[in-house]
Amino acid sequence: MNKREIEINFRNVLKTPVRWFGIVYPYFITAFVIIGLIYIHKLDVIYTNEIPPALKDTTTVVEDLTPVKGEVSTGIDLASISKPTEKQIQKGKELYIANCSVCHGEKGNGDGPGGLALVPKPRNYHSSEGWKNGNSFSQIFKTLQDGIPKTGMTSYDFLPVGDRLNIMHYMRIIAPGLPAPTESEIKDMDQTYSLSAGKKVPSQIPVSMALVKLEEESKPEIDIVKKIIEHIDNNPSETGYNVFNKAVVNKKTVVSTLLKSHIWRTGINEFLNFVSTNRQSGFRADVLLLSNDELSILYNYLLGLIKINQTI
Ligand code: HEC
């Protein structure tokens, strides 16, 4: 017979684990539920991926082309390399003063103010010691082409080849000890750098810039479309306004497609033909189901719209 306890005798309860559990399990359940809720609440944090992704997040990092000004450099006359003209030397002097003398000094002693703090120091062209690439004509050309990694001597490949050669001619004026270019050296340089062939660098602009340009170029057309749509909206009492609005899904598309094409202007049938073959014209498909009267009202209305363009 079942006996109901009026008061729980905890001492007995502790001796029978099943009963003990029966009394405390609501606390366990409450605790689990709370932990579970906290877990769900913090899911974002728990699942934050700490391993760096192998691929860049392309939704935020937009890498674009850098603008490059195209150039067509005519080939170098190889003969002029060993016999530079006065004009070339003069040009070289200007370029040397603009680009090199800050570090290498006006006379090439390696004592320019920009080089004081540099380690290693800018090369003194008058000393034949310690050159990394070397002081021959082709070796100096290589230095200007590639630079000397991890030093203040960066690449000057952005200067056209002719300009670089002119600088080198001028360097030999201020530092006459630098060896003159030999025939075979010039031949080798021509092979390595295709000096006589010249080069063609096509212009390149970033996509973002191209988009802006495109928009600018189509701006007059966008303006006309805007004007026409304004005219439509401002003249709701014009005959054809209602039919037009009934027949059109997208006013902008309709106006710009109609502006671009002439064929539809030759007659109602050509117009119907145009609309049915141009799925993207912005008209509703049921424009083809308009009554003849409505159709001719619409057609004349459209012709009127296009005329606005000619009066702008
Ligand atoms: C920002 C300072 C700086 C400017 C500007 C600079 N140079 Fe240098 N240049 C250096 C330094 C520093 C070195 C020494 C690098 C080394 O010893 O590793 C050097 C080394 C050289 C060398 C010797 C390379 C060799 O084989 O060791 C040549 C040649 C040279 N420069 C030419 C030029 C010319 C020509 C220009 C201008 C178009 C120029 N530099 C502009 C800092 C400069």
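For the structure, check the block above.
Report follows, based on the coordinates. (Residues numbered from 1 in each chain as written. Predicted model: local features only at pLDDT ≥ 70, side-chain atom pairs only at ≥ 80, totals over all residues.)

**Points about the overall build of the protein chain**
Piece 1. Regarding its fold elements, the protein chain presents 15 helices and two strands.
Piece 2. The buried share among the 312 residues of the protein chain stands at 18%.
Piece 3. At a minimum sequence separation of 6, the contacts of the protein chain that also span at least 24 residues come to 68%. (Helix = DSSP H or I, 4+ residues; strand = E, 2+ residues; numbered from the N terminus. Buried ≥ 20, exposed ≤ 12 C-beta atoms within 10 Å, placed from the backbone. Contact = placed C-beta atoms within 7 Å.)

**Considerations on the site of the ligand**
Piece 1. Near the ligand you find 24 residues, and of these C100, C103, K132, N133 and M153 are the closest.
Piece 2. Only helix 6 (101-104) and helix 7 (137-146) provide two or more residues apiece to the shell around the ligand.
Piece 3. Of the residues assigned to the shell around the ligand, the class counts are 13 nonpolar, nine polar and two charged. (Near = placed C-beta within 6 Å. Nonpolar A, V, L, I, M, F, W, Y, C, P; charged D, E, K, R; others polar.)

**Some details on the nonpolar core**
Piece 1. Residues F244, A247, V255, F283 and L298 are the most contacted members of the largest nonpolar core, which totals 19 residues.
Piece 2. Of all the elements in the fold, those that place two or more residues in this core are helix 11 (219-234), helix 12 (241-247), helix 13 (251-260), helix 14 (268-277) and helix 15 (292-311).
Piece 3. The dominant element in this core, judged by the number of residues it contributes, is helix 15, at four residues.
Piece 4. Those residues in contact with A247 that sit more than four places away from it in its chain are F283, R284, V287, L290 and L298. (Core = buried A, V, L, I, M, F, W, Y, C linked by C-beta atoms within 7 Å.)

**Things to note about the environment of S261**
Piece 1. Relative to the assigned elements, S261 resides in the loop between helix 13 and helix 14.
Piece 2. Judged by the 14 C-beta atoms lying within 10 Å of it, S261 falls in the partly exposed class.
Piece 3. Along the backbone, S261 and F274 are 13 residues apart, and their C-alpha atoms lie at a distance of 9.1 Å.

**With respect to unusual backbone geometry**
Piece 1. Omega for the peptide link from V119 to P120 comes to -5°, which places this bond in the cis form.
Piece 2. When you line up the elements, P120 lands in the loop between helix 6 and helix 7.
Piece 3. Positive phi is not limited to glycine here, since K150 has a value of about 65°.
Piece 4. Relative to the assigned elements, K150 resides in the loop between helix 7 and helix 8 (161-174).
Piece 5. For S194, which is not glycine, the phi dihedral falls at a positive 40°.
Piece 6. In this structure, S194 sits in the loop between helix 9 (183-193) and strand 2 (199-201).

Interpretation note: all reported values are geometric properties and have no functional meaning in isolation.
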